[in-house]
Amino acid sequence: GEEPATLKEALLEVGVKMSKEDLALDPRPLLKCACRRFFRDRAAPSFVDLLSQWGPCPLDRNSTKVKQHYALLQGPRFDAMCLGDANGPLCVHVVKLLSTPDAKDFVAYGRVYSGRIKAGNRVRVLGEAYSPEDPEDQRPCIVQGVGICHGRHVTEVLEAGPGNCVVLEGVGAHVAKTATVVDDASDDPCAIFEPPRFDDQAIVKLAVEPLNPAELPKMTEGLRKISKSYPLARTKVEESGEHVVVGTGELYLDCAMHDLREMYSSVEIKVADPVVAFCETVVETSSLKCFSETPNKRNKLTMIAEPLDDGVADDLERGDVRADWTKKQVGAHFRAKYDWDLLAARSIWAFGPDTVSTQSGAGCSNVLLDDTLPSEVDKKLLNAARESIVQGFQWGCREGPLCDEPIRNVKFKILDAAIADQALHRGGGQVIPTARRVCYSAFLMAAPRLMEPILSVDVQCPADCVQAVYPVLARRRGHIVQDAPKPGAPFYTVKAFLPAVDSFGFETDLRAFTQGQAMCSSRFDHWAVCPGDPLDRSIILHPLEPSPPPHLAREFMVKTRRRKGLSEDVSIAKFFDDPMLRQIAEENPIS
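Residues numbered from 1 in each chain as written. Predicted model: local features only at pLDDT ≥ 70, side-chain atom pairs only at ≥ 80, totals over all residues. Heavy atoms only, no water.

Draft legend 1. Focus on unusual backbone geometry. Residue Pro 353 follows Gly 352 across a cis peptide bond; omega there is 10°. Along the chain, Pro 353 falls in strand S19 (residues 348–353). In this structure, Asp 404 takes a positive phi of about 60° despite not being glycine. Checked against the element boundaries, Asp 404 lands in the loop between helix H13 (386–398) and strand S21 (410–418). If you check the backbone angles, Gln 515 has positive phi at about 55° while not being a glycine. The topology assignment puts Gln 515 in the loop between helix H16 (506–513) and strand S25 (519–529). (Helix = DSSP H or I, 4+ residues; strand = E, 2+ residues; numbered from the N terminus.)

So, in structure tokens, the structure goes:
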């Protein structure tokens, strides 16, 4: 906004000389020209001096990062990583896979914590499932090249030491998403770095199939590369046989589909309409004690299901409770934070569906509790079958009875157990399916409900467009929580919660209603119970008509079961034994 004469004097004060032609430029080109001349002689040296004087040395942060993310907090390898010892055992944390220019292979990007790595090194790649007790997820390989990234370019180097972020060739084929690379010759006990955690979750599903069925192997290989390339993407095959890609949102999956078509498979792909992932939960305690017998009639388990306390599932998914904690540590945590009694807190057997929370799976948001009394149950025999019962519980939590979606926020209590004396009669083949079945029956008797993902939406728009945002959100069951001006800008910020199942096309509608003046960003925020009872058979669903809110849970369940190739309704006889069905009939003769 300055006049040319005034601007010329102001620029001369900082040592910038401008010609008359430059001063006559428009504001944006003029600003670029002035900045270019100001930084021309001093930009690079100043920036390098800034980093060298004030930027912390990477080795100074080694100790903090290792203590936060490494699984084994003791031993010579841990000490070497904390000190950044270049002569210590090799340990590299691979955090991402980068595609090669021809999209046929991947290179691994990671940070060296200790030791030195160079081309020709024999190393072991420890996957995310590796542990000293279960060392199956590891692969030996040879490093074929080491490089240092700078921008979009990679410079080959002879070797790299602690503190460097490197690109490794030759190990990408053995890495799923993240990994820990250690030297092959060392016998020191080693663990893995925990996989990175993200604030977002993969909640949107997309079913894909090749236009030409003969190109299915190419598409399958492309899906495998998509899973490796995108940290939060997952690919799986449903029971119906369809290939599904799971991502965080529409734009995320759009990018994945572009890479699948153009880079990784080069085949024509048919894409179904996007759908969202659901969870299953309960809102009451089981109305009766549910039991199930093994096929050989030698074992019997009795359970009930009830909702977990508020906040427990979120703590478990965040990893605030670790699987390697002792029974005493777990008991102290639940007693102090949730006021559980000491006996119940120390009777926790397992979390499910997974042992620890992961970004790529269902997490660990359910609890299995041993609520039996030593005077009524032989604890020695029950503990002998514990591993099989836990496996059945985790299997059941991974695929719920309503529509094969993960179970969330449920506490399963073992009230009684009759276990066979002989180990032959209480094997996994007998107990695991029985434990899963009794979990399902207890779940179905505890007022089951569906849970849907809720997105947190931030909309920025001029003040005169704010009122146009409200009807767009109201049509999609959105709930506005804040509407305020943005400091230092002529915009208003509207914060709202929007169900993910109604979010498809939201951005297009928003721009249409505001004539392109509104911008929005969304991310996963929390899970919420869908309105309505999914097992209410009195609800009649009319095709091509929107369902009222009390019918939504039923509609979501039925459509999800149809899409997965399941029967339209949940069959109780599939999960209840005959003695259990007789007991229900005696207690409810009218039904």
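Now that the structure has been shown, we can carry on.
Draft legend 2. Representation of the packing of aromatic side chains within the structure. What the rule picks out here adds up to 10 aromatic pairs. Here Tyr 230 and Tyr 252 contribute two aromatic rings whose centre-to-centre distance is 5.4 Å and whose plane-to-plane angle is 70°, an arrangement assigned as edge-to-face. Placement of the pair is Tyr 230 in the loop between helix H7 (216–229) and strand S12 (234–237) and Tyr 252 in helix H8 (residues 250–264), with a sequence separation of 22 residues. Both residues of the pair, Tyr 230 and Tyr 252, belong to the buried class. (Phe/Tyr/Trp six-rings, centres within 6.5 Å; stacked < 30°, edge-to-face > 60°. Buried < 20%, exposed > 50% of the residue type's maximum accessible area, 1.4 Å probe, protein only.)

Draft legend 3. Expanded view of the pattern of salt bridges. As enumerated under the stated definition, the model contains 28 salt bridges in all. Its salt-bridge partner being Lys 270, residue Glu 209 comes within 3.9 Å of it at the nearest N-O pair. Residue Glu 209 is located in strand S11 (residues 204–210), and its partner Lys 270 is located in strand S14 (residues 269–271); the two are separated by 61 residues in the primary sequence. The class for Glu 209 is partly exposed, based on a relative accessible area of 43%. The partner of Glu 555 in a salt bridge is Lys 559, with the nearest N and O atoms 2.6 Å apart. (Salt bridge = Lys/Arg side-chain N within 4 Å of Asp/Glu carboxyl O.)

Draft legend 4. Looking closely at the sheet that holds strand S17 (residues 290–293). In space, the five strands of this open sheet follow the order S17-S18-S21-S20-S19, with mixed pairing throughout. Sheet topology places S17 and S19 at the edges, where each strand pairs with a single neighbour. Within the sheet, the average angular offset between the axes of one strand and its neighbour, ignoring direction, is 30°. Of the strand pairs in this sheet, strand S20 (residues 364–370) and S21 are connected by four bridges, and their pairing is parallel. Each bridged residue has a counterpart across the sheet, and for Leu 369 the counterpart in S21 is Lys 413. (Pairing = 2+ DSSP bridges. Axes fitted to C-alpha atoms, helices over the stretch in contact; angles between N-to-C directions.)

Draft legend 5. Just helix H3 (residues 27–39), in detail. Here H3 contains 13 residues, and its C-alpha end-to-end distance of 18 Å stays within 8% of the 18 Å for a straight helix at 1.5 Å per residue. Residues of H3 that are buried include every one of Leu 30, Cys 33 and Ala 34, and no others. For H3, the angular spread of the buried residues around the axis is 95°, confining them to a single face. Those residues of H3 that are exposed and aimed more than 90 degrees away from the buried face are Arg 28, Leu 31, Lys 32 and Arg 36. In the core, the buried residues of H3 are packed alongside helix H1 (4–13) and helix H2 (20–23). (Expected span 1.5 Å × (residues − 1). Arc of directions from axis to C-beta. Contact = heavy atoms within 4.5 Å.)

Draft legend 6. Inspection of the nonpolar core at higher detail. Among the nonpolar cores identified, the biggest contains 110 residues, and Ile 117, Leu 168, Met 303, Leu 368, Ile 389 and Phe 412 are the most heavily contacted of them. For this core, the leading source of residues is helix H14 (residues 428–444), giving eight residues. Apart from the residues within four sequence positions on either side, Ile 117 is in contact with Leu 90, Val 92, Val 112, Val 143, Val 146, Leu 158, Glu 159, Ala 160 and Leu 168. Within the second largest apolar cluster, 15 residues are counted, among which are Val 321, Phe 334, Trp 340 and Cys 364. (Core = buried A, V, L, I, M, F, W, Y, C linked by side-chain atoms within 4.5 Å.)

Draft legend 7. Spotlight on a positive patch on the surface. Residues Lys 327, Lys 328, Arg 335 and Arg 346 make up a contiguous surface patch of positive charge. Looking at where Arg 335 falls in the secondary structure, it is placed in helix H10 (residues 327–338). (Patch = residues over 30% accessible without salt bridge, like charges linked within 9 Å, V, L, I, M, F, W, Y side chains within 5 Å. Areas by Shrake-Rupley, 256 points an atom, 1.4 Å probe, with all protein chains shown as cover. Lys, Arg positive; Asp, Glu negative; His and termini not counted. Charge placed at Lys NZ, Arg CZ, Asp CG, Glu CD.)

Draft legend 8. Representation of a nonpolar patch on the surface in the model. There is a patch of nonpolar side chains on the surface, built from Phe 47, Leu 50, Leu 51 and Trp 54 and spanning about 500 Å² of accessible area. Within the secondary structure, Leu 50 sits in helix H4 (residues 43–54). Judged by its relative accessible area of 46%, Leu 50 is partly exposed.

Draft legend 9. Summary view of the environment of Asp 309. In this fold, Asp 309 is placed in the loop between strand S18 (300–307) and helix H9 (312–318). Those residues in contact with Asp 309 that lie beyond four places of it in its chain are Tyr 338, Trp 340 and Asn 409.

Draft legend 10. Expanded view of the sheet that holds strand S4 (residues 122–126). Strand order in the open sheet made by the eight strands is S5-S4-S10-S1-S2-S9-S6-S7, with antiparallel pairing throughout. The outermost strands of the open sheet, each flanked by one partner alone, are strand S5 (138–142) and strand S7 (153–156). Going from strand to strand, the sheet's axes swing by 35° on average, the running direction of each strand aside. Across four bridges, strand S6 (residues 145–150) lies against strand S9 (residues 165–169) in antiparallel orientation. Looking at S9, one finds that Ile 148 is bridged to Val 166.

Draft legend 11. Looking closely at the pairing of strand S13 (residues 243–247). Most of S13 sits out of view: five of its five residues are buried. Because side chains alternate across S13, one face comprises the buried residues His 243, Val 245 and Gly 247, and the other comprises Val 244 and Val 246, equally buried. For S11 and S13, the ladder comprises five bridges, and the chain directions are antiparallel. Note that in S13 the partner of Val 208 across the bridge is His 243. The sheet contact formed by S12 and S13 spans four bridges and is antiparallel. Considered in S13, the bridge of Thr 235 is made with Val 245. Turn length for the S12-S13 hairpin, with the two strands adjacent in sequence and antiparallel, is five residues, and the turn residue Gly 241 shows positive phi of about 100°.

Draft legend 12. Spotlight on H10. In this model H10 runs 16 Å from its N-terminal to its C-terminal C-alpha over 12 residues, within 8% of the 16 Å that 1.5 Å per residue would give. For H10, every residue scored as buried is listed here: Val 330, Gly 331, His 333, Phe 334 and Tyr 338. The arc that holds the buried residues of H10, viewed along the axis, is 160°, so those residues lie on one side. Along H10, the residues that are exposed and aim more than 90 degrees away from the buried face are Lys 328 and Ala 336. On its buried face, H10 sits against H9, helix H11 (342–345) and S19. Remark: Asp 339 follows H10 within two positions and exhibits a positive phi of approximately 60°.

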